[in-house]
Amino acid sequence: MAVRLVARSELGEAGVTVVATAHGPLAVGVADGRPFAVSNRCRHLFASLGEGSVTDDGCLECPWHHARYDVETGRMVRGPQGAAFRVVRDMVRAYTNTAFPLKRYPVIERDGVLYLDD
Ligand code: FES
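Everything numeric in this text was worked out from a predicted model, so none of it was measured.

A. Structural view of the nonpolar core. Residues Leu 5, Ala 27, Val 28, Ala 37, Val 38 and Leu 60 are the most contacted members of the largest nonpolar core, which totals 25 residues. At the level of secondary structure, the elements contributing two or more residues to this core comprise strand S1 (2-7), strand S2 (16-21), strand S3 (24-31), strand S4 (34-39), strand S6 (59-61) and strand S11 (113-117). Of the residues forming this core, the biggest block, 4 residues, is contributed by S3.

B. Molecular detail of the sheet that holds S3. Strand order in this open sheet of 4 strands is S2-S3-S4-S9, and the pairing throughout is antiparallel. Sheet topology places S2 and strand S9 (104-105) at the edges, where each strand pairs with a single neighbour. As paired elements, S2 and S3 share 6 bridges and run antiparallel to each other. Each residue of the ladder has a partner; that of Ala 20, found in S3, is Pro 25.

C. Structural context of the sheet that holds S1. With respect to topology, 3 strands assemble into an open sheet ordered S1-S11-S10, the strand pairing being antiparallel. Single-partner strands in this sheet number two, and they are S1 and strand S10 (107-110). The sheet shows a mean angle of 35° between the axes of neighbouring strands, taken without regard to direction. Pairing of S10 with S11, which is carried by 4 bridges, proceeds in the antiparallel orientation. Residue pairing across strands places Ile 108 opposite Tyr 115, the latter belonging to S11.

Cut-offs and rules
In every chain, residue numbers begin from 1 and rise along the written sequence. Only residues with pLDDT of at least 70 are given local features in this predicted model, and only at 80 or more are side-chain atom pairs given and counted; all residues enter the totals for whole chains, interfaces and linings. We define a nonpolar core as a collection of buried residues of the types Ala, Val, Leu, Ile, Met, Phe, Trp, Tyr and Cys that are connected via C-beta atoms lying within 7 Å of each other. In this scheme the burial state of a residue depends on its C-beta neighbours within 10 Å: 20 or more other such atoms mean buried, 12 or fewer mean exposed, and anything in between means partly exposed; the C-beta positions come from the backbone. A run of H or I in DSSP becomes a helix once it reaches four residues, and a run of E becomes a strand once it reaches two; helices and strands are each numbered from the N terminus. Being paired, for any two strands, means DSSP has found at least two bridges between them. A fitted line through C-alpha atoms represents every axis, and for helices the fit uses only the stretch in contact; the resulting angles, taken between N-to-C directions, go from 0 to 180 degrees.

These results come straight from atomic positions and should not be treated as a statement about function.
Next up, the structure:
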């Protein structure tokens, strides 16, 4: 059964939002023109990814330390930014991609509205 998530027109400039679902809160948006729904918690320090933004190159960027995710794979493609995380940046990315990539959920779009395709 398809469950309504959000309309494209409701996304705003960030291109992503948080939607409460039966799976818990998901980060739902559009990247590179394609709708997506993924786990909402950043794998670094658990920021709400739906409060982040979609970058020009189609990544989902965390609002806290600007790690970036490929929403097609759930993998972290850039670790947390800032001097405090320089030493652990690659390690965070490695453990995320090995053990905790973002979970992806199937999304369909009808008439500009995104639905979870459960
Ligand atoms: S909480 Fe997301 S990069 Fe730190």
